[in-house]
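Each chain, written out:
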Amino acid sequence: MNAEEVKARLVEGLPDCEVTVEFDGYYFNIIAVGEVFQGLRKVQRQQKVLGVLHDLITSGEIHAVKEVQTYTPDEKP
């Protein structure tokens, strides 16, 4: 599983989100920006992202996600 495949899954599962995925060979780092995160606490936002990848994580196709950063468009750095 590479960064582009993970990004494609996230774009499909989180419509209208801007998604960036980096992979260093061991860990994935994910940044997602979208209105879908409005009003959610940090842990709820992370759960939403990881929920899209749940089957890939449990099957072992994704070994580890190191960092998930989520923002609404107004919060975008």
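Look up a bit, the structure's there.
Report on the accompanying structure. Just so you know, the residues in each chain are numbered from 1, in the order the chain's sequence is written. With the structure being a predicted model, the display of local features is reserved for residues of pLDDT at least 70 and the display and counting of side-chain atom pairs for 80 or more, all residues being used for whole-chain, interface and lining totals. The side-chain quantities take in all heavy atoms of the structure and omit both hydrogens and water.

In the sheet, strand E1 (residues 18–23) pairs with strand E2 (residues 28–33) via six bridges, with the strands oriented antiparallel. Residue pairing for E2: Val21 is matched across the bridge by Ile30. Where E1 folds back on E2, the antiparallel hairpin that results is connected by four residues, among which Gly25 adopts a positive phi of roughly 100°. The pairing of E2 with strand E3 (residues 65–71) spans six bridges and is parallel. Considered in E3, the bridge of Ile30 is made with Val68. Since E2 and E3 lie parallel, the crossover through helix H2 (residues 42–59) that links them has a hand, and here it is right-handed. Should DSSP find at least two bridges between two strands, the strands are regarded as paired. A run of H or I in DSSP becomes a helix once it reaches four residues, and a run of E becomes a strand once it reaches two; helices and strands are each numbered from the N terminus. The crossover handedness rule: strands pointing away from the viewer, path from first strand over the helix to second strand clockwise, crossover right-handed.

As a rule of thumb, soluble globular proteins bury nonpolar side chains together. Ranked by internal contacts, the top residues of the largest apolar core, which has 17 residues, are Val6, Leu10, Leu14, Val21, Val49 and Leu53. Contributions of two or more residues to this core are made by helix H1 (3–13), E1, E2 and H2. In terms of residues, this core owes the most to one element, H2, which gives four residues. Whether two residues are in contact is decided by their heavy atoms: any pair within 4.5 Å suffices. Setting aside its immediate chain neighbours within four residues, Leu53 contacts Val6, Arg9, Leu10, Ile30 and Ile62. Grouping buried Ala, Val, Leu, Ile, Met, Phe, Trp, Tyr and Cys residues that are joined through side-chain atoms within 4.5 Å yields what is termed a nonpolar core. Working definition: with a 1.4 Å probe on protein chains only, accessible area under 20% of the residue-type maximum means buried, over 50% means exposed, and in between means partly exposed.

Next up on the list: the sheet that holds E2. The three strands lie next to each other as E1-E2-E3, forming an open sheet whose pairing is mixed. The open sheet has two free edges, formed respectively by E1 and E3, since each of these has just one partner strand. On average, each strand axis in the sheet is inclined to that of its neighbour by 10°, with strand direction left out of account. All axes here are fitted lines through C-alpha atoms, helices being fitted over the stretch that makes contact, and every angle between N-to-C directions spans 0 to 180 degrees. Sheet contacts for H1: E1 and E2; angle to E1, the most-contacted strand, approximately 155°. Its contacts with the sheet place H2 against E2 and E3, and it is angled at close to 140° to E3.

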